[in-house]
Amino acid sequence: MASEDVVSERSESAVSTIVNLAEEASEGVKAPSHALLSICKSLVAGGVAGGVSRTAVAPLERLKILLQVQNPHSIKYNGTMQGLKYIWRTEGFRGLFKGNGTNCARIVPNSAVKFFSYEQASHGILWLYRQQPGKEDAQLTPILRLGAGACAGIIAMSATYPMDMVRGRLTVQTEKSPRQYRGIFHALSTVFKEEGPRALYRGWLPSVIGVVPYVGLNFAVYESLKDWLLKTNAFGLVENNELSVTTRLACGAAAGTVGQTVAYPLDVIRRRMQMVGWKDASSVVIGEGRSKAPLEYTGMVDAFRKTVRHEGFGALYKGLVPNSVKVVPSIAIAFVTYEVVKDILGVEMRISD
């Protein structure tokens, strides 16, 4: 009997081991599926956030680009209200949204990759930080968030840069442009054939340099402000351990203001470099026959030097007013839309975990 009991116990132990291994294997199979679903949901949330925010401010985005690249000897757009009225009068309602389709085609994947990359970079940076002695329970600091935001911005911008390049040209062209790009793919193929593949990344360097403070500060300021308000309940804005949509919009607006002010001159230089090599440039860029041709730039430093020399230091901030009016609601709407869509889809990704 004793031997039978031993055999029985051993058989039960073996069965139990097999069951445990099966359960672990089952969990291992489900985990990648769950992780993939979570990634897809996060990407969708980021894409929707980008599309909604950019469409909401499309007229101001177009005016900003027109102001950045217009020929200084043939001024058509003198300010925000005058510029918007001029577009409405000469091109109608559709003119206010010209290039927005291309912008959304670029910003949806850009925003999706940016938000997702930020969360992944935050997890990775925090994990590395916690490997240091005495930092096992550390949380994300503003500096770490700045680093994660910078990584996210560089990855997203580099992945979609050709779309940004042709979007700038589609946005600038008017009815009087010598030659018309018919759409996104026509613009991409035309630039590739006539100017070479490197032209699709013209202005990439100032974009990389500019995206570090811009996107980095956006995320750092937004997340840090939220954490500070939640921990201190400053001004009594916390309700049920959550911030209202209005408060989050304000945090996003502050983040957008700081980021765009620091990085704006690099955005102007990037946009001007994108116009180099466009032999059938828009009348906005080359003027209308009685003006000087657009300047050619050999690189980022040369573009800075010539812009300041010919137009003054203030030229580095051309279009800042419509951009300021645009960027505050744009960034705010993007952050809030992202969080709302994540809540709707049931995405649970806490960066500080």
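Summarised in this report is the structure supplied together with it. Just so it is clear, the model here is predicted, and its values are computed rather than measured.

Notes on the side chain of Gln-70
- Examined against the element boundaries, Gln-70 turns out to sit in the loop between helix 2 (58-69) and helix 3 (80-96).
- According to the relative accessible area criterion, Gln-70 is buried, its value standing at 4%.
- Here Tyr-77 takes part through its backbone oxygen, which lies 2.8 Å from a polar atom of the side chain of Gln-70.
- Not counting chain neighbours up to four residues away, the residues in contact with Gln-70 comprise Ile-75, Lys-76, Tyr-77, Val-284 and Lys-318.

Some details on the pattern of salt bridges
- According to the stated counting rule, one finds 19 salt bridges in the structure shown.
- Across the salt bridge formed by Lys-64 and Asp-267, the nearest N and O atoms sit 3.2 Å from each other. Within this pair, whereas Lys-64 is found in helix 2, its partner Asp-267 is found in helix 8 (residues 245-275), the two being separated by 203 residues in sequence.
- The network of salt bridges with shared partners includes Glu-61, Lys-64, Asp-164, Arg-167, Asp-267, Arg-270 and Arg-271.

Considerations on the nonpolar core
- Among the nonpolar cores identified, the biggest contains 52 residues, and Tyr-77, Val-166, Val-172 and Val-191 are the most heavily contacted of them.
- The element best represented in this core is helix 5 (residues 142-172), accounting for 9 residues.
- The residues touching Tyr-77, leaving out its near neighbours within four places in the chain, are Leu-63, Leu-66, Leu-67, Gln-70, Gln-82, Gly-83, Tyr-86, Ile-87, Glu-91, Thr-174 and Val-284.
- Ranked by size, the runner-up nonpolar core spans 8 residues in total, among them Met-273, Val-276, Met-300 and Leu-316.

Some details on a nonpolar patch on the surface
- Residues Tyr-201, Trp-204, Leu-205 and Ile-209 make up a contiguous nonpolar surface patch of about 360 Å² in total accessible area.
- On the secondary structure map, Ile-209 appears in helix 7 (residues 204-232).

A word on the packing of helix 2 against helix 8
- Packing of helix 2 against helix 8 brings their axes to within 9 Å, and their N-to-C directions diverge by 75°. As the angle between them shows, helix 2 and helix 8 are arranged roughly perpendicular. Across the interface between the two elements, Lys-64, Ile-65, Gln-68 and Val-69 from helix 2 touch Tyr-264, Asp-267, Val-268, Arg-271, Arg-272 and Met-275 from helix 8.
- Within the contact of helix 2 with helix 8, the residues separate by chemical class into 5 nonpolar, 1 polar and 4 charged.

Criteria and thresholds
- Residues numbered from 1 in each chain as written.
- Predicted model: local features only at pLDDT ≥ 70, side-chain atom pairs only at ≥ 80, totals over all residues.
- Heavy atoms only, no water.
- Helix = DSSP H or I, 4+ residues; strand = E, 2+ residues; numbered from the N terminus.
- Buried < 20%, exposed > 50% of the residue type's maximum accessible area, 1.4 Å probe, protein only.
- Polar contact = N/O pair within 3.5 Å; in protein donor to acceptor, adjacent residues only side chain to side chain.
- Contact = heavy atoms within 4.5 Å.
- Salt bridge = Lys/Arg side-chain N within 4 Å of Asp/Glu carboxyl O.
- Core = buried A, V, L, I, M, F, W, Y, C linked by side-chain atoms within 4.5 Å.
- Patch = residues over 30% accessible without salt bridge, like charges linked within 9 Å, V, L, I, M, F, W, Y side chains within 5 Å.
- Areas by Shrake-Rupley, 256 points an atom, 1.4 Å probe, with all protein chains shown as cover.
- Axes fitted to C-alpha atoms, helices over the stretch in contact; angles between N-to-C directions.
- Parallel < 35°, antiparallel > 145°, perpendicular 65-115°, else oblique.
- Nonpolar A, V, L, I, M, F, W, Y, C, P; charged D, E, K, R; others polar.

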